[in-house]
Each structure stands twice: as structure tokens, then as C-alpha cells.
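Chain and residue survey
Take a look at the letters that make up each chain.
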Amino acid sequence: QVQLVESGGGLVQPGGSLRLSCAAPGTIFSFSDMGWYRQAPGKERELVARITTSGRTNYADSVKGRFAISRDNAKNTAYLQMNSLEFEDTAVYYCNADGYRLAGRPNYWGQGTQVTVSS
């Protein structure tokens, strides 16, 4: 019923960059850890990056040093800056809000955005 709104995916050459955005209602964003997940064809969904309400981050080993997650509390938006993209980064990327401070601890998901790295 309530979904996050993603944007920024597309086609990029190896070594290129993309910046994904995820907008959420303020009542959700302010009390949620934000994360980016991805799922490639034939593979399981995996956590790419996470940022807490206090700004702590963690990353999958495969993207450390190349990706950066951030959040802008004034805009209620989370970002995933992706640099030095590789073929293996090709996947559908999903934004997630873990409302750990909200009643019932709801989880919300974006609609998914395709990232394709190809020469």
C-alpha cells in the first residue's frame, strides 16, 4: 500500500557511475534505517548497503570502496552513489525502509530500478 519511490537507474558502461534516489514519507523516513538491496537474474536478493537513522553505514564486501549510501533528512531521501561500476553490478536495485522505531516495525520497499552495466 505504501511504497518508496526510486529513481536513477539506467544503462552505463563499465567504470561509469550512477546515483540512485529513494524518496519516502517523512513519517517513515525519520524513524527508519534505509537500505539498498539488489537481485540479479538467477541469484538471491542481497543487501548492498545500509544506513541507520544516526548515519552509521555498512556495505557488502563486493561494493566497498565503490558505493556510498547517504541520507538527506531534509528531503526525506536516501541515495546510493555507485562508482567504478562493473558487469557484476547489473541487477534490479530495491530501496528498503526498516521502520524499527515505528509501531509494528513495518518494512517498506521501492518498486525497483534496473541498473545495467554493459560495454
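Below is a summary of the structure that appears in this document. (Residues numbered from 1 in each chain as written. Predicted model: local features only at pLDDT ≥ 70, side-chain atom pairs only at ≥ 80, totals over all residues. Heavy atoms only, no water.)

1. Here's the deal with unusual backbone geometry
Notably, Asn76 is not glycine yet its phi reads approximately 50°, a positive angle. As for its placement among the helices and strands, Asn76 is situated in the loop between strand S7 (67-72) and strand S8 (77-82). Non-glycine residue Ser84 carries a positive phi angle of around 50°. On the secondary structure map, Ser84 appears in the loop between S8 and strand S9 (91-98). (Helix = DSSP H or I, 4+ residues; strand = E, 2+ residues; numbered from the N terminus.)

2. Quick look at the packing of aromatic side chains
This structure, assessed with the given rule, holds one aromatic pair. Lying over the aromatic face of Tyr79, Arg19 brings its terminal NZ or CZ to 4.3 Å of the ring centre. In this structure, Arg45 is placed above the aromatic ring of Tyr37, and the distance from its NZ or CZ to the ring centre is 5.1 Å. (Phe/Tyr/Trp six-rings, centres within 6.5 Å; stacked < 30°, edge-to-face > 60°. Lys NZ or Arg CZ within 6 Å of the ring centre and 35° of its normal.)

3. Regarding the environment of Phe87
Following the sequence through the fold, Phe87 ends up in the loop between S8 and S9. Judged by its relative accessible area of 47%, Phe87 is partly exposed. With 73 residues separating them along the chain, Phe87 and Pro14 place their C-alpha atoms 6.6 Å apart. Contact partners of Phe87, with chain neighbours within four places excluded, come to Pro14, Val117, Ser118 and Ser119. (Buried < 20%, exposed > 50% of the residue type's maximum accessible area, 1.4 Å probe, protein only. Contact = heavy atoms within 4.5 Å.)

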